[in-house]
Amino acid sequence: MDTVLVDGTVNDIPYKALAPGSDTANLPLILLLHGAFSSADRLGQIQSLVAGLWADGSLPPCVLACASTPTVGGFYIGGWETVVAEALPAEIHRRFATDPARVSLLGASMGGYGALKIAFGDPARWTAVAATSPALLNDAPGPRNTISVLAALRDAMTVSGWERESVLHRLRRRADEIRAARLPIMLRCGDRDAFAMHDGTERLHRELWDLDVAHEYHLVRDADHGGPEPADSTRAALIFLAAALRTPVAVPDDVVALRAMIAPERAEAARRDPDTDRRYGRV
């Protein structure tokens, strides 16, 4: 499949956009949030992967866009969050006539933090969010979780306002809205991540579970922050976002039959234990 990678600027900030040809009217948009010390060039690095997914039908035609944002002094905090959440999609819609009602978020590492923060800030606005090896800091992070640039992220979040910039705190404040929006959420991280980002990812998974917020979670055995995992996780994340763009399939007949068969027992269980009707039990 022919692909078109173009450059542009929004608010004097460089961006790149990737499209499956020139006819982009009403296509969905995926905003790619790059990781630390990276740039919009990340979109070019995954161009062949995206083209392959378009060609085999794993990813429906869409436009992808990525803005070059700074790491230290950026981190998708403050005005940089606004650039990605507001200015960039408006620019892509103006330039490519994409569908403003179908916009998804995809981020890795620092970008995973930004994608989740943006998604949880206004959950009804987004089609889906996928975060791979996200840079998620628990409250009062220690040395294990503030290696290298993560110490600067901790400091930037503290200066801006921890509760405002924390993904966990946004989730807690907006859990009802996130459930109501039925926002598809995907988390993925390796359990040998050099920056221990699986710690924060696991904590977010547990909070989502406890708050009964639907999500998909992949903890990949022996995967690290580099190696094959970035490509593997990007592929998995794009396929997850693709599923969110498709029309839901009907519930299979065997599932309908199973649910009908155990309905009386579930009703009795719910009478005795209100948690029966939760998606996730309290474990």
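Treat the numbers as computed from the prediction; the structure is a model and nothing was measured.

Quick look at the side chain of E91 now. Along the chain, the position of E91 falls in helix α3 (residues 79-96). Engagement of the side chain of E91 in a polar contact is seen with the side chain of Y15, the distance being 2.7 Å. Residues contacting E91, with those up to four places away along its chain left out, are T9, V10 and Y15.

Applying the stated criterion to the full structure yields 21 salt bridges. The salt bridge partner of E81 is K117, with a shortest N-O separation of 2.8 Å. Pair noted here: E81 is in helix α3 and K117 is in helix α4 (residues 110-121), with a separation of 36 residues, a long-range link. R172 is the salt-bridge partner of D139, the closest N and O atoms lying 3.8 Å from each other. A residue pair is termed long-range when its members are at least 10 positions apart, and D139 in the loop between β6 (129-132) and α5 (149-160) and R172 in helix α7 (residues 167-181) qualify at 33 residues. Residue classification places R172 among the partly exposed residues on the basis of a relative accessible area of 32%. The structure contains a network of salt bridges with shared partners spanning E81, K117, R164, E165 and R170.

Parameters and conventions
Residues numbered from 1 in each chain as written. Predicted model: local features only at pLDDT ≥ 70, side-chain atom pairs only at ≥ 80, totals over all residues. Heavy atoms only, no water. Helix = DSSP H or I, 4+ residues; strand = E, 2+ residues; numbered from the N terminus. Polar contact = N/O pair within 3.5 Å; in protein donor to acceptor, adjacent residues only side chain to side chain. Contact = heavy atoms within 4.5 Å. Salt bridge = Lys/Arg side-chain N within 4 Å of Asp/Glu carboxyl O. Buried < 20%, exposed > 50% of the residue type's maximum accessible area, 1.4 Å probe, protein only.

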